[in-house]
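What follows is the residue order along each chain.
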Amino acid sequence: MEGASQNNAPPDGAAAGEATFAPDEPTELWFVELARAPAARSGERARVKGLADEERALFRRVAEERGLRYTLRFSFQELWNGLSVRVARGGSAALSEMPGVKAVYPVVPVELDATRAATAVDPDLSVASDMSGADLVRRDLGVTGEGIRVGVIDSGVDYHHPDLGGCFGQGCRVAFGHDFVGDDFVAGDASKPPAPDGDPDDCLGHGTHVAGIIGANGIVQGVAPDVTFGAYRVFGCRGGSRADIILKAMERAAEDGMHVVNISIGTPFQWPDYPTATAANALVARGVVVVASIGNSGEKGLWAAGAPGVGEAVIGAASIDGSRVTRLSFTVAPGNAAIGYARAEGSPPPPLSGSAPLARTGTPASARDACDELPAGSLAGKIALVRRGGCPFHEKAARAQAAGAAGVVIYNDRGGVMNPSVAAGGPISIPVVGIAQADGELLSARLDAGPLTHSWTDRAVAAQSSTAGRISGFSSHGLSAALSFKPDLAAPGGAIYSTVPVEEGSYDTLSGTSMAAPHVAGAVALLLDARPELSAPRVRDVLQNSAVPAPWSGDATGQVLEGAHRQGAGVIRVDRAIRATTVISPGKLALGESQAGPAARALTLENSAAHDVTYDLSHAPAACATGGDHWRPTSARAGAAAVDFSAPSVTVPARGRATVTVTVRASDALADGGLFGGYVVFTPRGGAADGALRVPYAGFKGDYQSVPVLKLSGSEAPWLGKLSGTRMVPQRSGAAYTLASDDVPYVMVHFDHGAERVTLDVVDAATAKPWGRALSLSHVGQSSSATAVTRYGWKGTTKLDGRQTVVPDGDYRIKLRALRALGDPGNEAHWDTWTSPAFTVDRP
């Protein structure tokens, strides 16, 4: 059985002697988890390694006996015990049935969680560390992260950048690193395989931006400007990577002795036991704090938290918008007023000087400005002023470029910020920027009065963001499919100014949870510098206790808090974390489903001060995610839970402990299927109000097993497919398949929620006689959108009575079953079941 959402990818050449595949042969990539625990969770590494070698030898021997063709990409032992392999399409079922195999997981593609937001180079504009309290820590405490090693698993780091030390190797700021892929690597393209080397330089830009947020020290000052970096490059120059490469980089970061690892990478809708998340947990158990972006799938609704950020021990970072929006500017004469712009993604960087006439292609009333061919030469040597709307940004830019324009200024056709992209389509060789509606309409009106001259400048303009301190719209919603509490913390990630490779202009402003995670990682470095006694798991508790929840964007007064399923414990305040003498654990409460009734949890307070401290307990409810369409969630202040305490206050003795029990009851006012959350607040008596500590909680209202995985009717129901060229065609009863090449029956599935287990069984079409299991997968993630589907193709073999079986020609049906999240396999009501139309297998 094959999952065709998995793209082809090349082997890494790590092993010899297994199968080779023709260049055009369909293949897929799988993680194979082996039964024994990884070395990081055992104190007997030598013995564990010997046993792991035996497991692998058994796997190779049985694969050869069963005719299972595979190519080994990577072998893992330290943080996660298993392999990543390339197999012929349909080989995943055989993998799952191998002796010693615990589970199989697809090796998913991974992307960077960031987009370009604006461009700036003003020396006075730095990353938003003032919002996290990092500026106070550096200024008042002199804590800078010196001696702390921070690993950056990303696109590499431009270590030539003066703000990042200017060199690579011992004695440099970027002292450790490795390139796992090479410049030309493209995930999914077998002709461009990984070419590892020892140079982690960055040609993509993302990793350099992330590193700058963590610890740049120059024109930009990062959160912890004296950290030492490890740069682990997992992306080539064109972007895109694979989860197994990320896991390999995690092993190297552990080997190099990193204290903190930042992973601004993710794949949404993953379960907490996905291999990269599990490996990150093991890294934390080894004493390394792992911070990961929670994802940029805010528009895709609930449950979108991504791996590895969804890992139970990982700090999954959500994003808040920065306090300032900073943009480079151009001027227009006469007048020379500066107009800030956003560089279009996919456009070359605008120059920092140079002038040209400004010419417009339409008016503020044009519905399709520059959407049709422009007269040849009509814009020769000019900057084109173009209104948004009617066709894609790329089409407008291409039309202006063909007419000879030296640059394009696109103004918005509505209020708000515009961040255009011309990346999709043919190459655009002239600078393209976006400006606000009001600025564009003013320039159009001024052109009515006479000619204008446009001049590029190196001047930056800054304005207070209207959404400062609010959760970014792109930031992914939690919880995880396992109802674990995600995200964990929030940090500035919207419109963040930091370093990029020197050849890309040295500085730029990007947005994403990719930018939030390094704010947290930098704060962790400061915290470890100031409080080196903290263990890796305890770091998250301290940061969550001291975080300050952000206000809900749906409340203009700012009095209602944003939902815990969106911001976790709130915005990091590392200055408060360093000063705190009490830590409350656990630092967060995942309450599960409310069907079982009120949830009681014990919280333990530990006081390291030399005097007793008394805290008064209170409850701060947060906005709820109301029931309904989880792809388009709505929030409301109504429906907040009620919280009771075992005592109204608690006194924690000097250098001692105390325990309090909190009981949370979901509200009848919240519809079933909603998410509730809030904050248990501990306010010290006689202390400042900003010294309050908090523990966030979140839960699901109702019976979680009422949430279906499969939609069994309508356009999103499963269906039987047949490939016709590159098009998948729905089949009614009577379809015939030869099982040659791609002429196999495909089950097309939309997963409307994460599945605990998915099975496909083959039965006789007339008698329903079982012919065995074609596929069994655990913890399958929700589909990537409300209409996305995954295809599973059956190649004609099953496991029947414990043996691999070739099913003879005949008439069959495929029965698809999906166990609902956290469901009981023995409870038939927890299963969604669909049976295909009858089809014929008729081999040539």
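Residues numbered from 1 in each chain as written. Predicted model: local features only at pLDDT ≥ 70, side-chain atom pairs only at ≥ 80, totals over all residues. Heavy atoms only, no water.

Q: I tried to follow the side chain of Arg173 on my own but got confused; where do I start?
A: By the element assignment, Arg173 lies in the loop between β8 (149-154) and β9 (174-179). Despite being buried, Arg173 has no salt bridge partner; Asp226 is the closest side chain of opposite charge, sitting 5.6 Å away. At a separation of 2.6 Å, a polar atom in the side chain of Arg173 contacts the main-chain carbonyl oxygen of Gly215. Those residues in contact with Arg173, other than ones at most four positions away along the chain, are Asp163, Leu164, Gly165, Gly215, Asn217, Ala224, Pro225, Asp226, Val227, Thr228 and Phe229. (Helix = DSSP H or I, 4+ residues; strand = E, 2+ residues; numbered from the N terminus. Buried < 20%, exposed > 50% of the residue type's maximum accessible area, 1.4 Å probe, protein only. Lys, Arg positive; Asp, Glu negative; His and termini not counted. Salt bridge = Lys/Arg side-chain N within 4 Å of Asp/Glu carboxyl O. Polar contact = N/O pair within 3.5 Å; in protein donor to acceptor, adjacent residues only side chain to side chain. Contact = heavy atoms within 4.5 Å.)

Q: Help me understand unusual backbone geometry, please; the structure alone is not making it clear to me.
A: Most peptide bonds take the trans form, and the phi angle of most residues other than glycine is negative. Going from Ala333 to Pro334, the amide bond is cis rather than trans, its omega being 5°. In this chain, Gly478 is followed by Leu479 through a cis amide linkage whose omega measures -10°. Its location among the elements puts Leu479 in the loop between β23 (452-464) and β24 (489-494). Phi is positive for Ala370, close to 60°, though the residue is something other than glycine. With respect to the element layout, Ala370 can be found in the loop between β19 (355-360) and β20 (383-387). Phi is positive for His779, close to 50°, though the residue is something other than glycine. Inspection of the secondary structure assignment puts His779 in strand β43 (residues 770-780). Taking relative accessible area as the criterion, His779 reaches 22% and is therefore assigned partly exposed.

Q: Can you walk me through the pattern of salt bridges in this structure?
A: Between side chains of opposite charge, a pair can form when the charged atoms approach closely. On inspection of all chains with the given rule, the structure shows 33 salt bridges. With a closest N to O distance of 3.2 Å, Arg368 and Asp372 form a salt bridge. Overall, the relative accessible area of 46% leaves Asp372 in the partly exposed class. Measuring nitrogen to oxygen at the nearest pair gives 3.7 Å for the salt bridge that ties Arg399 to Glu395. Note that Arg399 and Glu395 are positioned in helix α7 (residues 393-402) at a spacing of four residues, about one turn of the helix. Glu395 gets classed as partly exposed once you look at its relative accessible area, which sits at 26%. Salt bridges sharing common partners tie together Lys486, Asp488, Arg540 and Lys588.

Q: Please explain the pairing of strand β38 (residues 719-724) as it appears in this structure.
A: Alignment of β38 against strand β41 (residues 746-749), held across three bridges, turns out to be antiparallel. If you follow Leu720 over to β41, its bridge partner there is Val747. Connecting β38 to the next strand, strand β39 (residues 727-730), in antiparallel fashion are two residues, including Gly725 with a positive phi near 70°. (Pairing = 2+ DSSP bridges.)

Q: Sorry, what's going on with the environment of Tyr679 here?
A: Counting through the fold element by element, Tyr679 comes out in strand β36 (residues 675-684). Relative accessible area serves as the criterion here: at 0%, Tyr679 is assigned to the buried category. Considered as a pair, Tyr679 and Leu589 are 90 residues apart in the sequence and their alpha carbons are 9.6 Å apart. A distance of 3.3 Å separates polar atoms of two side chains, one belonging to Tyr679 and the other to Gln567. A distance of 2.8 Å separates a polar atom in the side chain of Tyr679 from the backbone oxygen of Gly568.

Q: Explain α7 here, please?
A: Three- or four-residue spacings in an α-helix give side chains the same orientation, since the helix completes a turn every 3.6 residues. Among all positions in α7, only Phe393, His394, Lys396, Ala397 and Ala400 are buried. Down the axis of α7, the sector holding all buried residues measures 160°, keeping them to one side. Contacts made by the buried residues of α7 are with β20, β21 (407-411) and β22 (432-435). Where α7 ends, the next residue or the one after it, Gly404, has phi of about 95°, a positive value. (Arc of directions from axis to C-beta.)

Q: Help me out: how do you make sense of the packing of aromatic side chains in this one?
A: How two aromatic rings sit relative to each other is set out by the distance from centre to centre and by the angle between their planes. Under the definition given, this model contains 21 aromatic pairs. On the basis of an interplanar angle of 80° and a centroid distance of 5.3 Å, the ring pair of Phe59 and Tyr70 is categorised as edge-to-face. Here Phe59 is found in helix α1 (residues 45-66), whereas its partner Tyr70 is found in strand β3 (residues 70-76), with 11 residues between them in sequence. Phe59 sits in the buried class, given a relative accessible area of 1%. Taking 6.3 Å as the distance between ring centres and 90° as the angle between the ring planes, the aromatic pair formed by Trp771 and Tyr812 counts as edge-to-face. (Phe/Tyr/Trp six-rings, centres within 6.5 Å; stacked < 30°, edge-to-face > 60°.)

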